[in-house]
Amino acid sequence: MDATSTTEPFAFAPSAARPAEEDALVRETRREIATLVRETAELARQDIAASHFFRALADHTARAMAAEGAVIWQRHEQGFRPLCRLGRITDLTIDASQWACHQRMLEEVARGGQPVIVPSTPEARDADQPANPSLVPVAVAPLSDGPTSDEPASDEPASDVSGGAAEYLLEVFLEEDGGPTAQRGYLRFAAQMADLGGDFLRLHRIRSNRAAARRWQRLATVTPLLHHSLDASETQVAIVDTAADLFAADRVSLLHVQRTGVRLLAVSHVERIDQRSEEAQTIRGLAATNEPRYRRTEEDDPDDARQTAEVSQPDGTDQSAATLPTEGPEAPQGTGADALDWEAMLPLGPGDAYRLVLQHHHPRFFDRPLRHDLQYFCQHAGRALDNTETVARIPWAGLALDWLPAAVASPRPRRKFMCLAIACVIAIVAVFPVPLVVTAPAELSARQTQYVYAPADGVVRELLVRHGQSVAAGEPLLRIVDRELEDEIESLLGQRAVLVQRAAELSHTLADGTLRERTDRNRVQADQDVVHQQIAALDVQLQLHRQQRQRLTLRSTSPGIVDGWQLERTLSDRPVTAGQPLLSVIRPEAGWEVEAFVPQNRLDHVLRAQAAASDSPVSARLVLDAHPDAPLVAELTGIGPAITLQADAGPAARARFTLQTDQLPPVQTGSPATVAIPCGRRPLLYVAFQDLIRTVRAATAMYL
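Residues numbered from 1 in each chain as written. Predicted model: local features only at pLDDT ≥ 70, side-chain atom pairs only at ≥ 80, totals over all residues. Heavy atoms only, no water.

## Some words on the overall build of the protein chain
- Counting its secondary structure elements, the protein chain contains 15 helices and 26 strands.
- Classification of the 704 residues of the protein chain by burial places 39% in the buried group.
- Counted over contacts in the protein chain with a minimum sequence separation of 6, partners at least 24 positions apart contribute 72%.
- Of the accessible surface of the protein chain, which amounts to about 38700 Å², a share of 53% is contributed by carbon and sulfur atoms. (Helix = DSSP H or I, 4+ residues; strand = E, 2+ residues; numbered from the N terminus. Buried < 20%, exposed > 50% of the residue type's maximum accessible area, 1.4 Å probe, protein only. Contact = heavy atoms within 4.5 Å. Areas by Shrake-Rupley, 256 points an atom, 1.4 Å probe, with all protein chains shown as cover.)

This is the structure:
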């Protein structure tokens, strides 16, 4: 069996040592295994649910290896949880007292990153010692989805608790009587099937990212509709109707929780509400708590993690070992086909005084992306409700909103009065001071970074590190070979060998006594001295060339992490020129800094803010493009004297910020971000039209 490609890991070709006539059963078995591998490879390229693929992966692996059972594991907050299992022997056959040592074994394999065969130790119970407490040996192979694992590829994303270890594992319970040779073959096949699982995870992650982008685009389109009106009733109706259309709910209700009771404010696509109806009372009963509630999520299962996976019995039938329970208030199930049941309830608005209830004929499973989108929608809906409450607390604002349509159709005197009143309001609003914030694109970089450049022309012959690898101070990174230098060293060594031979001949001539004349001996002695001087000169040149060769072995000057994407493809056996950047070594623990490009037409605001806060640095708000929901605080340390030309922003000044890394999410060097620099308060009219004001000032200054 030979590994040939990711789509067909094992291509079965006739061997020279194989008999001419193979047994028909063996050939049929090979064809079946090849078919299973091919089917798995095709599934890995399809856009299917992760649970479907994992079930097929476990089934095909167990059938091809004639295994006792197979389990797909996913990392969770408290260890590994089974995603699916099948066979006669699985983790369910392990005693509860041995569960900890089995989990420890899975953790060791995940951190090691290599497939292993773990022998059976049925008596193992020490939680601190990794072991396989099952009755048969197991083959465990990590499912690697690439150098990073920002987006888990299961149907339900999990939090990043791996610390760099594998997120998914394939565990195969092997036959008890398999020998070392058979087990090596099993391990190799399990590793190849795990590679197919890794291919699926990578493609699934890409598809998940695209789906998330589409969801965010849809949310960005509909959320502005919630802020179109400041009227409370219109806003409430817009919230429930938009939520029903956006999340495909059969009914969405908005409730207001007050000290005197709960009031049903709006129901999706319903104009009039009967507050005394049984349906209204049922909906009000769902607002008894101020915590988000979902009828069906993975967190709602209180059962042991061993019971949450989908199990396939040896006869091929599937059964679900976990039925998610219902938390929170129960809604009547109803007896008809049109009965609605609650599926989600979320608090929103000022002080969580409002409740948004989603109902459906068949309550759906709310995975983490859907819950995140729903919470994001509730945040915007809460802000819209807060705006309506703010307007309602201003007496004249409500009257102005009511009078504005009538003012257009009123007689001329009243129209003039209303226009004057509106002009006064606009003037007051225009001079109202608001925060002036300067935004600028920025990039993150490690505070301590070693940039490695090629010291001379040559070819990278040996690459000793990979991207993301931790290195110590003085550890070699790569070796460059300079063919001209090597040729010179070879030439000098050849010259030195000739001179050494010449010196030996002269010494032999002086020692054998064949030279009778004193002048001849002096001449030979002088030649010998010249040869020794030439040898010494060559030794000096060789020492200098060897030092130059040692300089071509590039080393890390400090401990850190290698930062260089696809080093094998870009550097291995590639020619480089002197001064060419090769890679870098960063120290994330030393902190991060931000370099922002402040537009030239906003630089004066930043300089005034820096001068006003001379005793303390200017604090800015930093939002990473990869983590828009986790703003950070950065402090301005200086503004560079040079101006750079940005393609999208024009001339810009470089401003450097230090970043507080207490709550910094995982980032990479060069991560794009946006910096918002507060520059005091200015009138609203100036903030809104400062570009126009600057243009007018510049034009008039030319003639005044």
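## A word on the nonpolar core
- Grouped together as the largest cluster of nonpolar side chains are 36 residues, with contacts concentrated most on F53, F54, M65 and L143.
- At the level of elements, α1 (24–44), α2 (50–65), β1 (69–76), β2 (79–87), β4 (138–143), β5 (168–173) and α4 (180–222) are the ones that each hand at least two residues to this core.
- Here this core gets 9 residues from one element, more than from any other, and that element is α2.
- Residue contacts for L143: discarding those within four places in its chain leaves F54, L57, Y168, L169, L170, A194, G197, G198 and L201.
- One finds A454, L515, V531 and L567 within the second-largest nonpolar core, a separate group that totals 31 residues. (Core = buried A, V, L, I, M, F, W, Y, C linked by side-chain atoms within 4.5 Å.)

## Looking at the pairing of strand β17 (residues 476–481)
- Two elements, strand β15 (residues 458–463) and β17, share 4 bridges in a ladder whose sense is antiparallel. Across the sheet, the residue bridging to V460 is I480, located in β17.
- With 3 bridges joining them, β17 and strand β18 (residues 553–555) adopt antiparallel strand pairing. When the bridges of β18 are listed, R479 appears paired with T553. (Pairing = 2+ DSSP bridges.)

## Here's the deal with the sheet that holds strand β8 (residues 293–294)
- With antiparallel pairing, 5 strands are arranged side by side in an open sheet as β7-β6-β12-β11-β8. Strands at the two margins of the open sheet, each flanked by one partner only, are β7 (261–267) and β8.
- Direction of pairing for strand β11 (residues 341–348) relative to strand β12 (residues 354–360): antiparallel, over a ladder of 7 bridges. Within β12, the position partnered with D341 by the bridge is H360.
- Against the sheet, helix α7 (residues 368–392) makes contact with β6 (251–258), β8, β11 and β12, and its axis sits at roughly 50° relative to β11, the strand it touches most. (Axes fitted to C-alpha atoms, helices over the stretch in contact; angles between N-to-C directions.)

## With respect to the sheet that holds β17
- Spatially, 4 strands are ordered β18-β17-β15-β20 in an open sheet, and the strand pairing comes out antiparallel. Strand pairing shows two members of the sheet lacking a second neighbour, β18 and β20 (575–576), which therefore form its edges.
- The pairing of β15 with β20 spans 2 bridges and is classified as antiparallel. Within β20, the position partnered with V459 by the bridge is P575.

## Details of the packing of aromatic side chains
- Enumeration over the complete set of coordinates arrives at 7 aromatic pairs.
- Taking 6.3 Å as the distance between ring centres and 75° as the angle between the ring planes, the aromatic pair formed by F54 and F200 counts as edge-to-face. With F54 in helix α2 and F200 in helix α4, this pair connects stretches of sequence that are 146 residues apart. Both residues of the pair, F54 and F200, belong to the buried class.
- When the centroid spacing of 5.7 Å and the interplanar angle of 50° are considered together, the rings of W73 and W99 count as tilted. Highlighted residues: W73 in strand β1 and W99 in helix α3 (residues 99–112), separated in sequence by 26 residues.
- Following the ring pairs from residue to residue traces out a cluster consisting of F53, F54, Y168 and F200. (Phe/Tyr/Trp six-rings, centres within 6.5 Å; stacked < 30°, edge-to-face > 60°.)

## A word on the packing of α2 against α4
- Taken N-terminus to C-terminus, the directions of α2 and α4 make an angle of 165°; their axes are 11 Å apart at the nearest point. As the angle between them shows, α2 and α4 are arranged roughly antiparallel. Of the two elements, α2 crosses α4, and the hand of that crossing is right-handed. Packed against α2, whose contacting residues are A50, F53, F54, L57, H60, T61, A64 and M65, the element α4 presents Y186, F189, A190, M193, L196, G197, F200, L201 and H204 at the interface.
- Split into classes, the residues belonging to the contact of α2 with α4 amount to 13 nonpolar, 4 polar and no charged. (Parallel < 35°, antiparallel > 145°, perpendicular 65-115°, else oblique. Left-handed = near helix turned anticlockwise from the far one by under 90°. Nonpolar A, V, L, I, M, F, W, Y, C, P; charged D, E, K, R; others polar.)

## Some words on the pattern of salt bridges
- Here the structure, examined in full by the defined rule, presents 25 salt bridges.
- Linking R602 and D691 is a salt bridge whose minimum nitrogen-to-oxygen distance equals 2.8 Å. Of this pair, R602 sits in the loop between β22 (592–599) and α13 (603–612) while D691 sits in helix α15 (residues 690–701); the two residues are 89 residues apart in sequence, bridging distant segments of the chain.
- Owing to a relative accessible area of 40%, D691 belongs among the partly exposed residues under this scheme.
- One network of salt bridges, in which partners are shared, links E593, E595, R654 and R656. (Salt bridge = Lys/Arg side-chain N within 4 Å of Asp/Glu carboxyl O.)

## Here we look at the environment of D527
- By the secondary structure assignment, D527 is in helix α11 (residues 518–551).
- On the basis of relative accessibility, which here comes to 28%, the residue D527 falls in the partly exposed class.
- Note: C-alpha distance between D527 and L506 (21 residues apart in sequence) is 7.7 Å.
- Residue contacts for D527: discarding those within four places in its chain leaves R502 and L506.

## Remarks on the environment of T553
- Relative to the elements of secondary structure, T553 occurs in strand β18.
- Contacts of T553, omitting those with residues within four sequence positions, involve P476, L478 and R479.

## Structural notes on α11
- With 34 residues, α11 should reach 50 Å at 1.5 Å per residue; the first-to-last C-alpha distance of 50 Å fits that figure.
- Taken together, the buried positions of α11 are occupied by V524, Q528, V531, I535, L538, L542 and H545. (Expected span 1.5 Å × (residues − 1).)

## Considering a nonpolar patch on the surface
- A cluster of nonpolar side chains, namely L685, F689, L692 and V696, defines an oily patch on the protein surface of about 380 Å² accessible area.
- Inspection of the secondary structure puts F689 in the loop between α14 (684–688) and α15. (Patch = residues over 30% accessible without salt bridge, like charges linked within 9 Å, V, L, I, M, F, W, Y side chains within 5 Å.)

## Concerning the confidence of the model for the protein chain
- Chain-level statistics for the protein chain give a pLDDT mean of 80 and a share of 84% at 70 or above.
- Of all secondary-structure elements in the protein chain, the lowest mean pLDDT belongs to strand β10 (residues 318–320), at 38, while β5 reaches the highest, 94.
- The low-confidence segment residues 300–337, where pLDDT is below 50, has 74 contacts with residues more than four positions distant or belonging to other chains.
- Note that pLDDT drops below 50 for residues 406–410; the model gives that stretch 5 contacts with residues more than four away or on any other chain. (pLDDT = per-residue confidence, 0-100.)

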